[in-house]
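One letter stands for each residue in the lines below.
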Amino acid sequence: MGQALCSGLCLPPGDSQSGQQLVETTNSMLLQAVGAGARRGGPCGAGVRLDYGASASLRRGVMEGLLTRCRVLPAWATCSPQLSGYVPHRFHHRAPGRGKRLVLSRMFQPQNLREDQVLSLEGRSGELTCKSQRLMLQVGLIHPASSGCYHLLPYTVRAMEKLVRVIDQEMQAIGGQKVNMPSLSPAELWRATSRWDSMGKELLKLRDRHGKEYCLGPTHEEAITALIASQQTLSYKQLPLLLYQVTRKFRDEPRPRFGLLRGREFYMKDMYTFDSSPEAARQTYSLVCDAYSSLFDRLGLQCVKVQADVGSIGGTMSHEFQLPVDIGEDRLAVCPSCGFSANMETLDLSQTNCPACQGPLTKTKGIEVGHTFYLGTKYSSIFSAQFTNVHGKPSLAEMGCYGLGVTRILAAVIEALATEDCIRWPGLLAPYQVCLISPKKGSKEEAAAELTGHLYDHITEAAPQLRGEVLLDDRTHLTIGNRLKDANKFGYPFVIIAGKRALDDPAHFEVWCQNTGEVVFLTREGVLELLSQVQVV
């Protein structure tokens, strides 16, 4: 992305002068910092620690190294050129401002940190088989409602809302317009395409009090095509038309598993496109695929675009965006030589060489996080979804459809980036950017408690984009160490501790950059300088 990144520390692309000034400012602060002495160990990795006894050149080298490493960490980017000047929504229990602080003790966050508690939640210990499911249950991101259905709790909703905003940015950048269609879909639409029967038992069907049949939509090809068909004045000048929604979907999975990775109820972004010709439709197809690649790049997910089967959706071309992880249910074949990649279901099972270059294929597993289809006129011909062409004659629209598993992406992010014990978020999706930990009540450091509150206020004033993004862990009956373990498990990009060094003059705060595993001591001014560069969606 051409930016300097430090778990959210961003510099303008190509702004080497500003970057050098920031390095010099940070080095200056480090030269004043009081060193580590006896240091607390982090439960999720030791990280890098700056010792006061080290030479100034060594400390300067460590910090410059931190900034250099951050410049090559796109996985943790929290800003992009599209977001410059963006003012985020504010989430507050009360009106923002000095003294109105978000505190952890007020959060609805039921934790089940013991493994036996998590197993009892699901009721079937054998089903708790993936890292994302276990961690999301442990820290209270989700709570089981029924088989394959989960309550999405506040942290997860915040992360999902951020993901949807990033999706909106990418879809609207290519001309997408957002709609919202009913979950209840009339049976006659599905019977017209023969999918009422061909979808089988995965289609959730019901009748209303008048005997009218519906399904709870797992997808909306029928509904959107019927909508377009109802418009009698659609012109070629209005095409391409890209309509999308982010809504709940339903699928009666025979065996729900892996938490949010495969459930009966889930959130999906589904886009439907209408073009005037096959050539134009293929251009739109490539445009949406490129937008998907951009989205996953911004999230730091190393997804692979693979050729795929069209399945029950139909059409003549299909690709999946797969995140390679061991827990993945799809089997993939990738050629390191020419870049060919495919879902194994599209190949002969005995095939060992790449069909494009005859080189050897590498086998791996993946989680499908996106799927694209070129539909042609499969649906438009059934519903007579037409437009008036350049000659004034009616023509059938060429269609495509494109899905993103929104809740699945959240789980896949955790599956790919988390450690076995601690969640790690891309900066763009972290529910909260900063967690402040104040001293334990009755401890020697308790005198620094007021400094923590003041620091909270200074952060939200100096970095207004972080209002609603800073959380104060006010559970002062717990030790700093215990709260640091919790903060590590939650995966806040920045954890700032008011410990022993906060009593020094000037006060120094212990700053954990969670996504790089590094720890530095900074003055209040240093903290503000660091966090003022953080951008959020």
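Shown above is the structure to which this text applies.
Everything quoted here is computed from the prediction, not taken from an experiment.

A. Quick look at the overall build of the protein. Scanning the protein from N- to C-terminus turns up 14 helices and 21 strands. Across the 537 residues of the protein, 54% fall into the buried class. Nonlocal contacts in the protein, meaning residues at least 24 apart in sequence, comprise 70% of its contacts between residues at least 6 apart.

B. Structural view of unusual backbone geometry. Residues Leu239 and Pro240 are joined by a peptide bond in cis, for which omega reads 5°. Of note, Pro240 is situated in the loop between helix H8 (221–229) and strand E7 (241–250). The omega angle of the peptide bond from Asp505 to Pro506 is 0°, so this bond is cis rather than trans. Summarising the element assignment, Pro506 is placed in the loop between strand E19 (494–497) and strand E20 (508–513). Phi at Phe258 takes a positive value of approximately 65°, unusual for a residue other than glycine. Structurally, Phe258 can be placed in the loop between E7 and strand E8 (265–275). According to the relative accessible area criterion, Phe258 is buried, its value standing at 12%. One non-glycine residue, Ser384, adopts positive backbone phi at about 55°.

C. Geometry of the packing of helix H12 (residues 449–462) against helix H14 (residues 524–531). One can describe the packing of H12 onto H14 by two numbers: an axis separation of 10 Å at closest approach and a directional angle of 40°. Two packed elements cross with a definite hand, and for H12 against H14 that hand is right-handed. Of the residues in H14, those touching H12 at Leu455, His458, Ile459 and Ala462 are Arg524, Val527, Leu528 and Leu531. The class makeup of the residues in the contact of H12 with H14 is six nonpolar, one polar and one charged.

D. Layout of the pairing of strand E5 (residues 204–207). Judged from the four bridges that link them, E5 and strand E6 (residues 213–216) form a sheet pairing that is antiparallel. Looking at the pairing, Leu204 lines up with Leu216 of E6. Turn length for the E5-E6 hairpin, with the two strands adjacent in sequence and antiparallel, is five residues, and the turn residue Gly211 shows positive phi of about 85°.

E. Geometry of helix H4 (residues 131–138). Burial within H4 is extensive, with eight of its eight residues counted as buried. Downstream of H4 by a residue or two, Gly140 has a phi angle that is positive, lying close to 85°.

F. Region of interest: the nonpolar core. Among the nonpolar cores identified, the biggest contains 101 residues, and Ile459, Tyr492 and Ile496 are the most heavily contacted of them. Here this core takes nine residues from helix H9 (residues 278–299), the largest share from any one element. For Tyr492, the residues in contact, after removing those within four places along its chain, are Leu104, Tyr155, Tyr432, Gln433, Cys435, Leu471, Ala487 and Gln514. Core analysis: the second largest hydrophobic core is formed by 28 residues, Phe274, Ile313, Phe373 and Tyr379 among them.

G. The sheet that holds E5, seen in detail. Pairing in this open sheet of three strands is antiparallel, and the strands run E4-E6-E5 from one edge to the other. Every interior strand has two partners, whereas the edge strands, strand E4 (184–186) and E5, have only one. Between one strand axis and the next, the sheet turns by 40° as a mean value, whatever way the strands run. Where E4 and E6 come together, three bridges link them in antiparallel fashion. The residue of E6 that forms the bridge with Pro186 is Tyr214.

H. How the structure looks around H8. Taken across its nine residues, H8 has seven buried, putting it largely inside the fold. Looking only at H8, the buried set comprises Glu221, Glu222, Ala223, Ile224, Thr225, Ile228 and Ala229.

I. Geometry of the side chain of Lys131. Looking at the element boundaries, Lys131 is found in helix H4. Although Lys131 is buried, it forms no salt bridge, and the closest oppositely charged side chain is Glu420 at an N-O distance of 4.3 Å. Those residues within four positions of Lys131 in sequence are excluded, and the remaining contacts are Ile414, Glu415, Ala418, Thr419 and Glu420.

J. Inspection of the packing of H4 against helix H11 (residues 406–417) at higher detail. It is the contact of H4 with H11, at a shortest axis distance of 8 Å, that shows an interaxial angle of 105°. Taken together, the axis directions place H4 and H11 in an arrangement best described as roughly perpendicular. Along its contact with H4, which presents Lys131, Ser132, Leu135 and Met136, the element H11 presents Ala411, Ile414 and Glu415. Counted by class, the contact of H4 with H11 contains four nonpolar, one polar and two charged residues.

K. Here's a closer look at the environment of Asp252. In this fold, Asp252 is placed in the loop between E7 and E8. Asp252 sits in the partly exposed class, given a relative accessible area of 28%. A polar side-chain atom of Asp252 sits 3.4 Å from a polar atom in the side chain of Arg264.

Rules used throughout
Residues numbered from 1 in each chain as written. Predicted model: local features only at pLDDT ≥ 70, side-chain atom pairs only at ≥ 80, totals over all residues. Heavy atoms only, no water. Helix = DSSP H or I, 4+ residues; strand = E, 2+ residues; numbered from the N terminus. Buried < 20%, exposed > 50% of the residue type's maximum accessible area, 1.4 Å probe, protein only. Contact = heavy atoms within 4.5 Å. Axes fitted to C-alpha atoms, helices over the stretch in contact; angles between N-to-C directions. Left-handed = near helix turned anticlockwise from the far one by under 90°. Nonpolar A, V, L, I, M, F, W, Y, C, P; charged D, E, K, R; others polar. Pairing = 2+ DSSP bridges. Core = buried A, V, L, I, M, F, W, Y, C linked by side-chain atoms within 4.5 Å. Lys, Arg positive; Asp, Glu negative; His and termini not counted. Salt bridge = Lys/Arg side-chain N within 4 Å of Asp/Glu carboxyl O. Parallel < 35°, antiparallel > 145°, perpendicular 65-115°, else oblique. Polar contact = N/O pair within 3.5 Å; in protein donor to acceptor, adjacent residues only side chain to side chain.

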